[in-house]
Amino acid sequence: MSAVTTDSRPIAEDAEAVTLPRTRLVRIGWIYVVLGIGLLEFARRVPENDVAFTFGIPPDAPTLSLDPGGAVLGIGALLLLAGIAGVLERRLGRVTSIALIVATAAFVPLVLILSLAYSTSSQQTNLIPLIQQSLVQSTPIALGALAGLWSERSGVVNIGIEGMMLAGAGGGFMTYAVMGQAEGGFWLYASVVVAVIVGGLMAALHAVLTVTFRTDQIISGVVINLLALGLTSYLRQQVIVPAGVGTGIRPDDIMIPGLHRLPIIGDLFVGQPIYLSMFLLLLGSAYLMFRTPFGLRVRSVGENPHAAETLGIDPVRVRYAAVILGGLIAGLGGAWFSLESVGRFEDNMTNGAGFIALAALIFGKWRPWPAFGGALLFGFANAFGIRLQSLSVTLEDVRFLGVPVPTLEIPSQLAQSLPYVVTIIVLAGVIGRAIAPAAVGQPFEPSK
């Protein structure tokens, strides 16, 4: 009997693992069916004036003009077909996932088209600056996701990324204001290095608490966040404000030779140093994690530290190295806020970016490039929220599924909340089942 009981558990777990994604796809399919039908009916009421997307500086830039009603009709049909594919998931197999991914991506042009159609200021927008702004806004989120990637792949939960970034932002700008009077030059780049080191020190504290003393990793992360919040606020009041430095000089743009001259997309290869270094860190992290013995040790410790120990790997040392490496990257993300983006420091200026980075990491299922895709999604939501404020979107004479929608001007607060709305949607599990490293959150006790 005991053998039967023992064998039945994995079978039940496997059955659950197979059933859950199917159920989720069917539910999403029904949602898309309703949305598709609603959009097909709604398309008749969309304003008739054409909307235009330009790709560069007018008048020579390529322009794409669209009939908003026809575009909404097409996207509605796409959602309906994808929804039907979701409902029939058991018969269509992998085609369902592809159809739902394509339909989900269609929400981006749908939102852009409707925003222009109902804008009271302009029916035209330039997409290149929007894409560039999305990449820039995704910088701290991508760096935070990489910080979480290194830590959690080694088995240490890191919700202290927010605090590491905030401490890096505060420590870096304090150095810049006191030592360099925020006037650029050598101290600007030296302050970036200080921010990186401060992030690493906060991560080292997290490693001491979680790896050596085996403190609950969630509580340790909360401690890091609260410590950074109080410490940076104190330093701002006692050091930065008395230094009399408001806004400092920010680093100049760097042009990538050759690429910045490409037609249409050349502007995407011009940016400030931390923004460009994000791509190098992505490449480096992906290579180091999946193509080197060190990355293999990190992943093995994150999956089964005791098995790794039997192979001669020191899980304690590996976890220390991975957590501190993540902290160094988080410190660079903090420097982006205070030294590159605005050139000043404010209390709690990271504004939840560390938590959004964790959502991007889950979105990417603990892999670097998919996590970057998640960061881009949040970066786009942020950039689009900024663009939405300038478009002055007002909904008038709108009906959805026959139900009249009251006249409503989209408030700026709603636009600003878009990244957090996207965070909730991602964490609600729309992206599917995300499986964390097996030993994440589990303290490790050496066998001898």
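Reading the values: rules and limits
- Residues numbered from 1 in each chain as written.
- Predicted model: local features only at pLDDT ≥ 70, side-chain atom pairs only at ≥ 80, totals over all residues.
- Heavy atoms only, no water.
- Helix = DSSP H or I, 4+ residues; strand = E, 2+ residues; numbered from the N terminus.
- Contact = heavy atoms within 4.5 Å.
- Areas by Shrake-Rupley, 256 points an atom, 1.4 Å probe, with all protein chains shown as cover.
- Polar contact = N/O pair within 3.5 Å; in protein donor to acceptor, adjacent residues only side chain to side chain.
- pLDDT = per-residue confidence, 0-100.
- Core = buried A, V, L, I, M, F, W, Y, C linked by side-chain atoms within 4.5 Å.
- Buried < 20%, exposed > 50% of the residue type's maximum accessible area, 1.4 Å probe, protein only.
- Phe/Tyr/Trp six-rings, centres within 6.5 Å; stacked < 30°, edge-to-face > 60°.
- Pairing = 2+ DSSP bridges.
- Axes fitted to C-alpha atoms, helices over the stretch in contact; angles between N-to-C directions.
- Salt bridge = Lys/Arg side-chain N within 4 Å of Asp/Glu carboxyl O.
- Expected span 1.5 Å × (residues − 1).
- Bend = angle between axes of the 7 residues up to and from the residue.
- Patch = residues over 30% accessible without salt bridge, like charges linked within 9 Å, V, L, I, M, F, W, Y side chains within 5 Å.

### Concerning the overall build of the protein chain
Part 1 of the reasoning: Within the protein chain one finds 18 helices and nine strands.
Part 2 of the reasoning: Nonlocal contacts in the protein chain, meaning residues at least 24 apart in sequence, comprise 76% of its contacts between residues at least 6 apart.
Part 3 of the reasoning: For the protein chain, the exposed surface amounts to about 21700 Å²; the carbon and sulfur share of it is 65%.

### Some remarks on the side chain of S151
Part 1 of the reasoning: Relative to the elements of secondary structure, S151 occurs in helix α7 (residues 139–153).
Part 2 of the reasoning: Among the polar contacts made by the side chain of S151, one reaches the main-chain carbonyl oxygen of V156 at a distance of 2.8 Å.
Part 3 of the reasoning: In contact with S151, not counting residues within four places along its chain, are V156, V157, N158, A322 and V323.

### A look at the confidence of the model for the protein chain
Atomic detail in the predicted coordinates should be set aside for any region of low pLDDT.
Part 1 of the reasoning: With 87% of its residues at a pLDDT of 70 or more, the protein chain has an overall mean of 85.
Part 2 of the reasoning: Per-residue pLDDT stays below 50 along residues 1–20; that stretch engages in two contacts with residues further than four places along the chain or on separate chains.

### Quick notes on the nonpolar core
Part 1 of the reasoning: Of all hydrophobic cores here, the largest spans 69 residues; its most connected members are I141, F173, I274, M278, L339 and F345.
Part 2 of the reasoning: By residue number, the principal contributor to this core is helix α14 (residues 315–341), which donates ten residues.
Part 3 of the reasoning: If we skip the residues at most four places from it in the chain, L339 touches G172, F173, Y176, L188, S191, V192, R250 and P251.
Part 4 of the reasoning: Core analysis: the next-biggest nonpolar cluster, separate from the first, contains 31 residues, V51, V72, L130 and V393 among them.

### Some details on the environment of D253
Part 1 of the reasoning: Assignment of secondary structure puts D253 in the loop between α10 (217–240) and β4 (254–255).
Part 2 of the reasoning: Put simply, D253 and Y275 are 22 residues apart on the chain and 9.7 Å apart in space, counted from C-alpha to C-alpha.
Part 3 of the reasoning: When neighbours within four sequence positions are excluded, D253 is seen to be in contact with V270, G271 and Q272.

### Re the packing of aromatic side chains
Part 1 of the reasoning: Applying the stated criterion to the full structure yields nine aromatic pairs.
Part 2 of the reasoning: Each ring, one from Y32 and one from F107, has its centre 5.8 Å from the other, and the planes form 65 degrees; the classification is edge-to-face. With Y32 in helix α1 (residues 2–42) and F107 in helix α5 (residues 107–117), the pair connects residues that are 75 residues apart, well separated along the chain.
Part 3 of the reasoning: Using a relative accessible area of 8% as the deciding quantity, one classes Y32 as buried.
Part 4 of the reasoning: Ring centres of F173 and Y176 lie 6.2 Å apart, and the angle between their planes is 80 degrees; this geometry places the pair in the edge-to-face category. Separated by three residues within a single helix, F173 and Y176 lie in helix α8 (residues 161–180), roughly one turn from each other.

### Some remarks on unusual backbone geometry
Part 1 of the reasoning: Backbone geometry places R214, a non-glycine residue, at a positive phi of 55 degrees.
Part 2 of the reasoning: Counting through the fold element by element, R214 comes out in the loop between α9 (186–212) and α10.
Part 3 of the reasoning: With a phi close to 60 degrees, W366 is a non-glycine residue in the positive phi region.
Part 4 of the reasoning: With respect to the secondary-structure elements, W366 resides in the loop between α15 (353–363) and α16 (368–391).
Part 5 of the reasoning: The class of W366 is buried, set by a relative accessible area of 7%.

### Digging into the sheet that holds strand β2 (residues 63–66)
Part 1 of the reasoning: Ordered by their spatial adjacency, three strands build an open sheet running β2-β1-β3, and the pairing between neighbours is mixed. Every other strand in the sheet has two partners, leaving β2 and β3 (124–126) as the edge strands with one partner each. When the angles between neighbouring strand axes are averaged without regard to direction, this sheet yields 15 degrees.
Part 2 of the reasoning: As paired elements, strand β1 (residues 51–54) and β3 share three bridges and run parallel to each other. Considered in β3, the bridge of T54 is made with N126.
Part 3 of the reasoning: The strands touched by α5 within the sheet are β1, β2 and β3, with β1 carrying the most contacts at an inclination of about 120 degrees.

### Points about the pattern of salt bridges
Part 1 of the reasoning: For the structure on display, the rule yields four salt bridges.
Part 2 of the reasoning: Its salt-bridge partner being R44, residue E41 comes within 3.3 Å of it at the nearest N-O pair.
Part 3 of the reasoning: Owing to a relative accessible area of 18%, E41 belongs among the buried residues under this scheme.
Part 4 of the reasoning: For E346, the salt bridge is made with R344, and the minimal N-O distance between the two is 2.7 Å.
Part 5 of the reasoning: Under the relative-accessibility criterion, R344 is labelled partly exposed at 31%.
Part 6 of the reasoning: When salt bridges that share partners are traced, they join E41, R44 and R45 into one network.

### A few points about α14
One turn of an α-helix holds 3.6 residues; hence residues three or four places apart share an orientation.
Part 1 of the reasoning: The terminal C-alpha atoms of α14, which comprises 27 residues, lie 37 Å apart, in line with the 39 Å expected from a rise of 1.5 Å per residue.
Part 2 of the reasoning: Of all bends in α14, the biggest is about 35 degrees, found at A335.
Part 3 of the reasoning: With 19 of 27 residues buried, α14 lies mostly within the body of the structure.
Part 4 of the reasoning: One or two residues past the end of α14 sits G343, with phi positive at roughly 75 degrees.

### Points about a nonpolar patch on the surface
Part 1 of the reasoning: On the surface, L81, I84, L88, L92 and V95 cluster together into a nonpolar patch covering about 430 Å² of accessible area.
Part 2 of the reasoning: Along the chain, I84 turns up in helix α2 (residues 68–87).

### Quick notes on the pairing of β1
Look at any regular strand and the pattern is simple: side chains alternate between the two faces of the sheet.
Part 1 of the reasoning: Side-chain alternation along β1 places V51 and F53 on one buried face and A52 and T54 on a second face that is also buried.
Part 2 of the reasoning: Across four bridges, the pairing between β1 and β2 is antiparallel. Residue pairing for β2: T54 is matched across the bridge by T63.

### Some points on α7
Part 1 of the reasoning: In a regular helix each residue adds 1.5 Å, so 15 residues correspond to 21 Å; α7 covers 21 Å between its end C-alpha atoms and thus fits that length.
Part 2 of the reasoning: Here α7 lies mainly inside the structure; 15 of its 15 residues are buried.
Part 3 of the reasoning: Just beyond α7, the residue with positive phi is G155, at close to 100 degrees.

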